[in-house]
Amino acid sequence: FFCPILLNAQVMVRSNLTWLGGRANRSSSFTTFHKVFIILVVYCIIYLILAVSVAQLDPQMVPDAEDDFYANLVARDTKTMATLKLIMRVLSWIVLVYVIVIVKRTRAAVRDRYAIPERVCHGCEDVCIAIFCYRCAAAQMARHTVDYERYPAECCTSNGLRSHVNLEHDAAVGDYADEPPVSIATIV
């Protein structure tokens, strides 16, 4: 789940996008990867805390007794457990919507930059791809925004490349070329 999102964040850095997928300058977009990473880490921590809390409130863990104390405890804990499960679902939906939005915006930015038209489902192709194929879209955008034979990939960097690579001034990548960059692949 997280690797394609982080790959998308690296493409966002290469495309000068903010953590919300809006246009930014090079210095503002440099922190995009870190912000997306922090969002995912915070989500994981909160979700884990909630999951552990739900597991501890499981009524099956309470001794089976006819005592009113245990009956009240189970009733109260069942409501708390339902609330925690609801919070977990809402949190997951928020993260899912965030992922769909950033993949859609990143994909639209890559298509605009490389003059790639929508082929199917005009007007909502980016949304459909973000919903149903975000992993493939992230991989394809990553391959499309840099030549990996020329610039080898490197894990755990903000743009997915070695630290000495500066795509900003590289006409081969298309940032300052006189003519529009040639598409090396089409977006899904």
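Cut-off values and rules
- Residues numbered from 1 in each chain as written.
- Predicted model: local features only at pLDDT ≥ 70, side-chain atom pairs only at ≥ 80, totals over all residues.
- Heavy atoms only, no water.
- Helix = DSSP H or I, 4+ residues; strand = E, 2+ residues; numbered from the N terminus.
- Contact = heavy atoms within 4.5 Å.
- Areas by Shrake-Rupley, 256 points an atom, 1.4 Å probe, with all protein chains shown as cover.
- Core = buried A, V, L, I, M, F, W, Y, C linked by side-chain atoms within 4.5 Å.
- Buried < 20%, exposed > 50% of the residue type's maximum accessible area, 1.4 Å probe, protein only.
- Salt bridge = Lys/Arg side-chain N within 4 Å of Asp/Glu carboxyl O.
- Axes fitted to C-alpha atoms, helices over the stretch in contact; angles between N-to-C directions.
- Parallel < 35°, antiparallel > 145°, perpendicular 65-115°, else oblique.
- Left-handed = near helix turned anticlockwise from the far one by under 90°.
- Nonpolar A, V, L, I, M, F, W, Y, C, P; charged D, E, K, R; others polar.
- Phe/Tyr/Trp six-rings, centres within 6.5 Å; stacked < 30°, edge-to-face > 60°.

**Section: the overall build of the protein chain**
So, step 1. Summing up its helical and strand segments, the protein chain has six helices and zero strands in all.
So, step 2. Ordered by position in the sequence, the α and β elements of the protein chain form the string α-α-α-α-α-α.
So, step 3. Within the protein chain, residue pairs in contact and separated by at least 24 positions form 63% of the contacts whose partners lie at least 6 positions apart.
So, step 4. Summed over all atoms, the accessible surface of the protein chain reaches about 11200 Å², with 63% contributed by carbon and sulfur.

**Structural notes on the nonpolar core**
So, step 1. Counting 22 residues, the largest nonpolar core has Ile5, Val36, Val99 and Val103 as the members making the most contacts within it.
So, step 2. Of all the secondary-structure elements, those providing two or more residues to this core are helix 1 (2–14), helix 3 (32–56), helix 4 (68–113), helix 5 (125–132) and helix 6 (134–145).
So, step 3. Per-element accounting of this core gives the leading share, eight residues, to helix 4.

**Focus on the pattern of salt bridges**
So, step 1. Tallying each qualifying case throughout the model produces five salt bridges.
So, step 2. Of the charged contacts in the structure, one is a salt bridge between Glu125 and Arg107, with a shortest N-O distance of 3.4 Å. Here Glu125 is found in helix 5, whereas its partner Arg107 is found in helix 4, with 18 residues between them in sequence.
So, step 3. Given a relative accessible area of 7%, Glu125 falls into the buried group.
So, step 4. Taking the relative accessible area as the measure of exposure, Arg107 reaches 0% and is therefore buried.
So, step 5. Between Arg111 and Asp126 there is a salt bridge, and its shortest N-O distance comes to 2.8 Å. Remark: Asp126 occurs in helix 5 and Arg111 occurs in helix 4; sequence separation between them is 15 residues.

**Looking at the packing of helix 1 against helix 3**
So, step 1. Look at helix 1 against helix 3: their axes get within 8 Å of each other, and the N-to-C directions meet at 160 degrees. When the axis of helix 1 is compared with that of helix 3, the two are roughly antiparallel. As helix 1 runs across helix 3, the sense of the crossing is right-handed. Contacts between helix 1 and helix 3 pair Phe2, Ile5, Leu6, Ala9, Gln10, Met12 and Val13 from the former with Thr32, Phe33, Val36, Phe37, Leu40, Tyr43 and Cys44 from the latter.
So, step 2. A class-by-class count of the residues in the contact of helix 1 with helix 3 yields twelve nonpolar, two polar and no charged.

**What about the side chain of Ser158?**
So, step 1. Within the element layout of this structure, Ser158 appears in the segment after helix 6.
So, step 2. Setting aside residues up to four positions removed in sequence, Ser158 forms contacts with Ala9, Gln10, Val13, Phe30, Phe33 and His34.

**Describing the packing of aromatic side chains**
The description of an aromatic ring pair uses the distance of the two centres, along with the angle that the planes make with each other.
So, step 1. For the structure on display, the rule yields three aromatic pairs.
So, step 2. Between Tyr43 and Tyr47, the ring centres sit 5.7 Å apart and the planes meet at 40 degrees, which makes this aromatic pair tilted. Here Tyr43 and its partner Tyr47 are both found in helix 3, four residues apart, which amounts to about one turn of the helix.
So, step 3. Take Tyr43: its relative accessible area is 13%, and that puts it in the buried class.

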